[in-house]
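Listed below are the residues making up each chain.
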Amino acid sequence: SLDANSSFGGSKVISQPRTSDTDEDKTKMWDAGMVDRVYDFINPDIIFIHGGTNDSTIGTDPLGNFNWSSSISGLDVFSFRSAYAAMVRKMMEYYDGVQLVLIIGPSLKKDYEESIISIADHYNLPYVNFVGDQIDMCNGVHPSAVGHKQMADKIFATCKEYLK
């Protein structure tokens, strides 16, 4: 059964301050990224991390560096590589023993795809890569209902050993 779906429309992996459209003073408000929502799950056996589509599509954020030796709190949550690594490390620590699987969406740009693969390889995590696959899309960026079914089939086929 599904424990939790921690996705929000328009969100990114990175944390980002933003300007409110409704605030006359246009003061900075906080837009929580996936890196800020890692503790949303109750009792997972497996966590699929599918992030980066909005980071890659908008492309306004720095990719940043891989800071493999930095503490989690020392990682830059405002750049993609560091925020994604922080998210993975937080989950590995908090959900000790839970299998993480990284999902690389079909519309990611090459540098984002390669970044996620580097993180998966560094932490010895499995990943399912959809870049180059013919996935039915509803808006050129996000999968349609048919596309989600196509992705679910490939995830299941790839991850059967973790889904016992």
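Computed from a predicted structure; not experimentally measured.

Definitions and cut-offs
- Residues numbered from 1 in each chain as written.
- Predicted model: local features only at pLDDT ≥ 70, side-chain atom pairs only at ≥ 80, totals over all residues.
- Heavy atoms only, no water.
- Phe/Tyr/Trp six-rings, centres within 6.5 Å; stacked < 30°, edge-to-face > 60°.
- Helix = DSSP H or I, 4+ residues; strand = E, 2+ residues; numbered from the N terminus.
- Buried < 20%, exposed > 50% of the residue type's maximum accessible area, 1.4 Å probe, protein only.
- Lys NZ or Arg CZ within 6 Å of the ring centre and 35° of its normal.
- Salt bridge = Lys/Arg side-chain N within 4 Å of Asp/Glu carboxyl O.
- Expected span 1.5 Å × (residues − 1).
- Contact = heavy atoms within 4.5 Å.
- Polar contact = N/O pair within 3.5 Å; in protein donor to acceptor, adjacent residues only side chain to side chain.
- Core = buried A, V, L, I, M, F, W, Y, C linked by side-chain atoms within 4.5 Å.

(A) Geometry of the packing of aromatic side chains. As enumerated under the stated definition, the model contains 7 aromatic pairs in all. Both rings, one in Trp68 and one in Tyr123, keep their centres 5.7 Å apart while their planes meet at 75°; by these two values the pair is edge-to-face. Taken together, the positions of Trp68 in the loop between α1 (53–58) and α2 (80–94) and Tyr123 in the loop between α3 (110–122) and β5 (127–129) put the pair 55 residues apart, joining distant regions of the chain. Exposure remark for Tyr123: the relative accessible area of 15% places this residue in the buried category. Grouped by ring-pair contacts, the aromatic residues Tyr39, Phe41, Tyr94 and Tyr95 constitute a single cluster. Positioned above the aromatic ring of Phe130, the side-chain terminus of Lys154 is 5.1 Å from the ring centre.

(B) Region of interest: the pattern of salt bridges. Under the defined criterion, the tally for this structure stands at 3 salt bridges. Its salt-bridge partner being Lys149, residue Asp153 comes within 2.8 Å of it at the nearest N-O pair. With Asp153 and Lys149 both in helix α4 (residues 145–159) and 4 residues apart, the pair spans about one turn of that helix.

(C) Local environment of α2. Under the 1.5 Å per step criterion, the end-to-end length of α2 is 21 Å for 15 residues, consistent within 8% with the ideal 21 Å. Burial runs high along α2: 12 of the 15 residues are buried. Within the span of α2, buried status applies to Phe80, Arg81, Ser82, Ala83, Tyr84, Ala85, Ala86, Met87, Val88, Arg89, Lys90 and Met91. At its buried positions, α2 is contacted by β3 (46–50), α1, β4 (99–104) and α3.

(D) Representation of α4 within the structure. With 15 residues, α4 ought to run about 21 Å at 1.5 Å a step, and its terminal C-alpha atoms sit 21 Å apart, in line with that. Looking at the buried positions of α4, the neighbouring elements they touch are β3, β4 and β5. Sitting at the amino-terminal end of α4 is Ser144, which places a side-chain oxygen 3.3 Å from the backbone nitrogen of Val146.

(E) Representation of the nonpolar core in the model. In this structure, Ile49, Tyr84, Met87, Val88, Met91 and Leu102 are the most contacted members of the largest nonpolar core, which totals 32 residues. Broken down by secondary-structure element, the contributors of at least two residues to this core are β3, α2, β4 and α3. The dominant element in this core, judged by the number of residues it contributes, is α2, at 8 residues. Among all residues touching Leu102, those that are not within four sequence positions of it are Ile49, Tyr84, Val88, Ile116, Ile119, Ala120, Leu125, Pro126, Tyr127 and Val128. By size, the runner-up hydrophobic cluster in this structure holds 9 residues, among which are Ile103, Val128, Phe130 and Ile155.

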